[in-house]
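Descriptive analysis of the structure
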Protein chains: 2
Amino acid sequence: MKGYHMSIEATLEVIGGKWKCLILCHLETGTKRTSELKNLLPGITQKMLTQQLRDLEEDGLVIRNVYKQVPPKVEYRLSEYGKSISPILDAMCHWGKDHLEQAEKNRGHAKA
Amino acid sequence: MKGYHMSIEATLEVIGGKWKCLILCHLETGTKRTSELKNLLPGITQKMLTQQLRDLEEDGLVIRNVYKQVPPKVEYRLSEYGKSISPILDAMCHWGKDHLEQAEKNRGHAKA
DNA sequence: CCGTATCCGAAAAGATACTG
DNA sequence: CAGTATCTTTTCGGATACGG
């Protein structure tokens, strides 16, 4: 049992780090198999991908589905609980977009 | 110039890490001086606090105000731009609260 | 195809001491 | 009171090789 001082800390614990928000974003648009996610996340290693997915699974946000066949096929999708996090992701995506446009404009009339 | 694949990455760059969201949350409720923030953030060191505040200042989210006196007095507050990030913080706070309540219930009827 | 294990370097974070 | 500088520790992320 952890003692948080603010509830936002619980959120950070679940979606913090370099990759989890990105993964969740991609799963928002539908079920993906491992190799698809890897392609959608340039720069991620197999290890990090698996690791982050395990974390998300443990927290109940993501559901893992293994097809018993050779070669293996594994799919990931958002759980109902996982979908409840969409408002956060959407807000972050939206703000990020504005932020980039802002930065773009500022380059236009830079003083030097 | 960075090349992001998703706009959410820009957001993560700005508010990522262990402390920035917490700091912004506290500044949402009004101007705070350094020592106040330190008290509001149990576990943070002077170094981390200053460092994170500098980052936020550089990104234009926080405004730093130095009173020229002895002993020194420094206040921090959200800029207008900083306030635009509130929807994200609020969503995170809200979800975290629910998440903690959820975890609470699950402890009640754990299967083993 | 998917996942694990191991090793390694970089970066984050913490402790401490010092300055204006 | 606020901030800086330095050092150590810990964590995170990446490269690689291997296994089912």
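Look up: the structure comes first, before these words.
First, a word on what this report is: a plain description of the structure on this page. Throughout this document, residue positions are counted from 1 along each chain, in the order its sequence is written. Each chain gets a letter, beginning with A, and each ligand a number, beginning with 1, in the order they are written. Where local features are concerned, this predicted model is filtered to residues with pLDDT of at least 70; where side-chain atom pairs are given and counted, the filter is 80 or more; whole-chain, interface and lining totals use all residues. Note that water and hydrogens are dropped before the side-chain values are worked out from all heavy atoms of the structure.

1. Here we look at the overall build of chain A
Where we set the bar: Runs of H or I in DSSP of at least four residues are treated as helices and runs of E of at least two as strands, each being numbered from the N terminus. The quantity called the radius of gyration is restricted to C-alpha atoms. Its globule counterpart is 2.2 Å times the number of residues to the power 0.38. Residue burial is assigned from relative accessible area. The probe radius is 1.4 Å, only protein chains are included, and a residue is buried under 20% of its type maximum, exposed over 50%, and partly exposed in between. Pairs of residues are marked as contacts when any of their non-hydrogen atoms sit within 4.5 Å. Surface accessibility follows the Shrake-Rupley procedure with a 1.4 Å probe radius. Residue values consider only the protein chains on display as shielding. The charged-residue count follows a simple rule in which Lys and Arg add positive charge and Asp and Glu add negative charge, with His and chain termini not counted at all. Taken as the charge location is NZ of Lys, CZ of Arg, CG of Asp or CD of Glu.
The helix and strand inventory of chain A stands at six helices and three strands. Ordered by position from the N terminus, the helices and strands of chain A form the series α-α-β-α-α-β-β-α-α. Taken over C-alpha atoms, the radius of gyration comes to 17 Å for chain A, far larger than the 13 Å a tight globule of 112 residues would show. A principal-axis box enclosing the C-alpha atoms of chain A has dimensions of 60 × 40 × 25 Å. Taking all 112 residues of chain A together, 38% fall into the buried category. Expressed as a percentage of contacts within chain A between residues at least 6 apart in sequence, the contacts between residues at least 24 apart total 46%. For chain A, the accessible surface area stands at approximately 6700 Å², while carbon and sulfur atoms represent 52% of it. Chain A carries 17 positive and 14 negative side-chain charges, and their two centres are separated by 7 Å.

2. Let's talk about the packing of aromatic side chains
Stated precisely, the cut-off is as follows: Ring pairs shown here join Phe, Tyr and Trp side chains whose ring centres sit within 6.5 Å, with only the six-membered ring taken for Trp; geometry is labelled stacked below 30 degrees between planes, edge-to-face above 60, and tilted in between. Comment: the charge-over-ring label is applied if NZ (Lys) or CZ (Arg) is within 6 Å of the ring centre and within 35 degrees of the ring normal.
What the rule picks out here adds up to two aromatic pairs over all chains. Over the face of the ring belonging to Tyr67 of chain B we find Lys73 of chain B, whose NZ or CZ atom lies 4.7 Å from the ring centre.

3. Things to note about the pattern of salt bridges
Proximity of charged atoms lets side chains of opposite charge pair with each other. Residues and elements named next belong to chain B. So the rule is basically this: Counted as salt bridges are all cases of a side-chain nitrogen of Lys or Arg within 4 Å of a carboxyl oxygen of Asp or Glu.
Taken as a whole, this structure holds five salt bridges over all chains when the rule is applied. Notably, a salt bridge pairs Asp55 with Lys20, separated by 3.3 Å at the nearest N-O pair. Of the two residues, Asp55 is situated in helix H4 (residues 46-58) and Lys20 in helix H2 (residues 20-28); the sequence distance between them amounts to 35 residues.

4. Observations concerning the sheet that holds strand S2 (residues 62-67) of chain A
All names here are of chain A. Spelled out, the test is: One requirement defines pairing of two strands: DSSP has to find at least two bridges between them. The axes used here are C-alpha line fits, helices contributing only the stretch in contact, and every angle between their N-to-C directions lies in the interval 0 to 180 degrees.
Read across the open sheet, the three strands follow the order S1-S3-S2; overall the sheet is antiparallel. Edge strands, defined here as strands with exactly one partner in the open sheet, are strand S1 (32-33) and S2. In this structure, S1 lies alongside strand S3 (residues 73-78), joined through two bridges in antiparallel fashion. Within the sheet, the bridge partner assigned to Arg33 lies in S3 and is Glu75. Sitting on the sheet, helix H2 (residues 20-28) is in contact with S1, S2 and S3, with an inclination near 90° to S3.

5. Regarding the packing of H2 of chain A against helix H6 (residues 86-108) of chain A
All names here are of chain A. Keep this limit in mind: For classification, angles of less than 35 degrees are called roughly parallel, those exceeding 145 degrees roughly antiparallel, those between 65 and 115 degrees roughly perpendicular, and all remaining angles oblique. Classification convention: Asp, Glu, Lys, Arg as charged; Ala, Val, Leu, Ile, Met, Phe, Trp, Tyr, Cys, Pro as nonpolar; all other residues, Gly among them, as polar.
Following both chains from N to C, one finds H2 and H6 inclined at 105°, their axes separated by 10 Å at the closest point. One finds that H2 runs roughly perpendicular with respect to H6. For the pair formed by H2 and H6, the contact residues are Cys21, Leu24, Cys25 and Glu28 on the first element and Ser86, Leu89, Asp90, Met92 and Cys93 on the second. Classifying every residue of the contact of H2 with H6 gives six nonpolar, one polar and two charged.

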